[in-house]
Each structure stands twice: as C-alpha cells, then as structure tokens.
Amino acid sequence: EDKLRESLLSINSEVPEEGIDEAIFEIKNRLTGSLIQKNVKFTEYIQNGVSVRFLHKGEIKSDIVYLVDYKNVDNNSFVVANQWTIQELDIKRPDVIIFLNGIPVVLMELKSFMNDNASVNDAYMQIRNYMKSIPSVFAYNAFCIISDMITTKAGTITADDTRFMAWKTITGSEYIDQPGFGTLIKGMLEKNRFLDILKNFILIQKEEKGDIKILSAYHQYHAVK
C-alpha cells in the first residue's frame, strides 16, 4: 500500500492528498459483488482512473485519480516478486506476481517441463485453486500467465484453459511457431507494450451468463498497431 500511495501521489501531482486517500480507500474497500464483478470494476479503474469526492480545506472537491501513468512509462513502479506470501482463506505463495504501482496486476504460475507429473494445464488448475483460496488478489488481476518453460500462455480470470493463448512474436515483425518462455515475457511485458495492453487491449464483454474478460491475442494486438 505504501508503494501504491507513493505512485499515486507522483502520477496525480495536482490532486490533494485527501483525494489520493479516497482513491485508495475506494479500491481497497468498495469493490463489491462477485470476484468477476470486482475485477470488472477494477478494470475500469485501472484503464480510466477512479472518480473521487473528498473534503479539502473545508470544501467538497471532485477529481479523477489515475492508477497508471500511460503517457510516461518511467513514472510507474514495476516490481516482480517471487513466492509472495498471501494469507486469506488459506496461505498461498504464487510463483511470480507482477506489481504495477503496488497493484498485483499479473500472476504467473510455473511448472517444470522436466517433471512428468506437472504440466502447463496443472499451472492453470493451480490458478483456479488460488482464485478460491486467495480471491482478493484476483480482484486486481489484469491477466495470468502459465508456463512449463516450453509452452507459455496468457489469459484472464474468466478464460478456460482453451482460451489461454501463446504470444508468438516479440516485436510484431517476426512470427515464432514454437515460442518459448522468453517470447511471451519479452513480447507482452516490455514496459511500453505492457501498459498499452492494459489500457487498450483488455475489454469486458457483456453476456447473459455473466461478464467475460477478453485479452487481445498477439496477432490482434499487432494488427491494430
């Protein structure tokens, strides 16, 4: 939370501290409904900012607090944490969590291709289990990554295992038929491209059975670009 507050003060230098505090309270305490509903609301916040009303010097003020600086990539905090311990309904240690401005936006579950008893599908099932035992971290999740170091895929919390997709290019000018772990990491998580994906290439599709969160595939992303 300290990193979140520090980042929001830097990104929103014209907003009084009371507004920053209200935005933090909003994303910590006012995301309601099911896990998917919380995630849908937070997706709106991370893409478009948090509308806040607060008391400043005796007057009620309104403003928008932006959680990410999409124009100046260096004005954001990027932290990759290994085996970060989360205690909720159970104690879990996801393999890798990527924090953007203190927010856990990507969760990565890894398996070893040398282990005959574990596969990339097991990594997917592990994430589904995490969603039950440590659900709060997924309220802020943009997408997840699963890998056995040979097969590496990304998908959202509403995606079944068939909708987790490989990222088969780094720059968009080349096509890699059998991409390794590094292709997705370098292709999706280069900082400028990563922020572009978060802002412009994740959408919510409204369905009668519930909201579906869609992450652009690599060819869709580069076709638009």
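Data block above holds the structure.
The following paragraphs examine the structure supplied in this document. (Residues numbered from 1 in each chain as written. Predicted model: local features only at pLDDT ≥ 70, side-chain atom pairs only at ≥ 80, totals over all residues. Heavy atoms only, no water.)

1. What to know about the overall build of the protein chain
Along the backbone of the protein chain there are 7 helices and 11 strands. Relative to its length of 225 residues, the protein chain is compact, with a C-alpha radius of gyration of 18 Å against a globular reference of 17 Å. Over its C-alpha atoms, taken along the principal directions, the protein chain stretches across nearly 65 × 45 × 40 Å. Residues counted as buried form 45% of the 225 residues belonging to the protein chain. Contacts in the protein chain between residues far apart in sequence, at least 24 positions, make up 53% of those at least 6 positions apart. A total accessible area of about 12,000 Å² is found for the protein chain, and carbon and sulfur atoms account for 48% of it. The averaged location of the 30 negative side-chain charges in the protein chain is 2 Å from the averaged location of its 26 positive side-chain charges. (Helix = DSSP H or I, 4+ residues; strand = E, 2+ residues; numbered from the N terminus. Rg over C-alpha atoms; globule rule 2.2 N^0.38 Å. Buried < 20%, exposed > 50% of the residue type's maximum accessible area, 1.4 Å probe, protein only. Contact = heavy atoms within 4.5 Å. Areas by Shrake-Rupley, 256 points an atom, 1.4 Å probe, with all protein chains shown as cover. Lys, Arg positive; Asp, Glu negative; His and termini not counted. Charge placed at Lys NZ, Arg CZ, Asp CG, Glu CD.)

2. Comments concerning the nonpolar core
Core analysis: the largest hydrophobic core is formed by 64 residues, its most contacted members being Phe42, Phe138, Phe143, Met188 and Ile197. Broken down by element, this core gets its largest block of residues, 6 residues, from helix α4 (residues 120-133). (Core = buried A, V, L, I, M, F, W, Y, C linked by side-chain atoms within 4.5 Å.)

3. Re the environment of isoleucine 24
Structurally, the position occupied by isoleucine 24 is in helix α2 (residues 17-29). Separated by 45 residues in sequence, isoleucine 24 and aspartate 69 place their C-alpha atoms 16 Å apart. Setting aside residues up to four positions removed in sequence, isoleucine 24 forms contacts with Glu1, Leu4, Arg5 and Leu8.

4. Quick notes on the side chain of serine 77
Looking at where serine 77 falls in the secondary structure, it is placed in the loop between β2 (59-65) and β3 (78-82). With near-sequence residues (within four places) excluded, serine 77 lies in contact with Lys3, Ser7, Phe99, Leu100 and Asn101.

5. Some words on the packing of aromatic side chains
Tallied over the entire structure, the rule returns 8 aromatic pairs. Centre to centre, the rings of tyrosine 124 and phenylalanine 164 are 5.3 Å apart; their planes meet at 80°, and the pair counts as edge-to-face. Pair noted here: tyrosine 124 is in helix α4 and phenylalanine 164 is in the loop between β9 (152-155) and α5 (181-188), with a separation of 40 residues, a long-range link. Relative to tyrosine 218, the ring of tyrosine 175 has its centre 6.4 Å away and its plane inclined at 35°; by these criteria the two rings are tilted. Taken together, the residues span a long stretch of sequence, with tyrosine 175 in the loop between β9 and α5 and tyrosine 218 in helix α7 (residues 218-224) at a distance of 43 residues. Judged by its relative accessible area of 16%, tyrosine 218 is buried. Connected via pairs of aromatic rings, a cluster forms that spans Trp167, Tyr175, Phe201, Tyr218 and Tyr221. (Phe/Tyr/Trp six-rings, centres within 6.5 Å; stacked < 30°, edge-to-face > 60°.)

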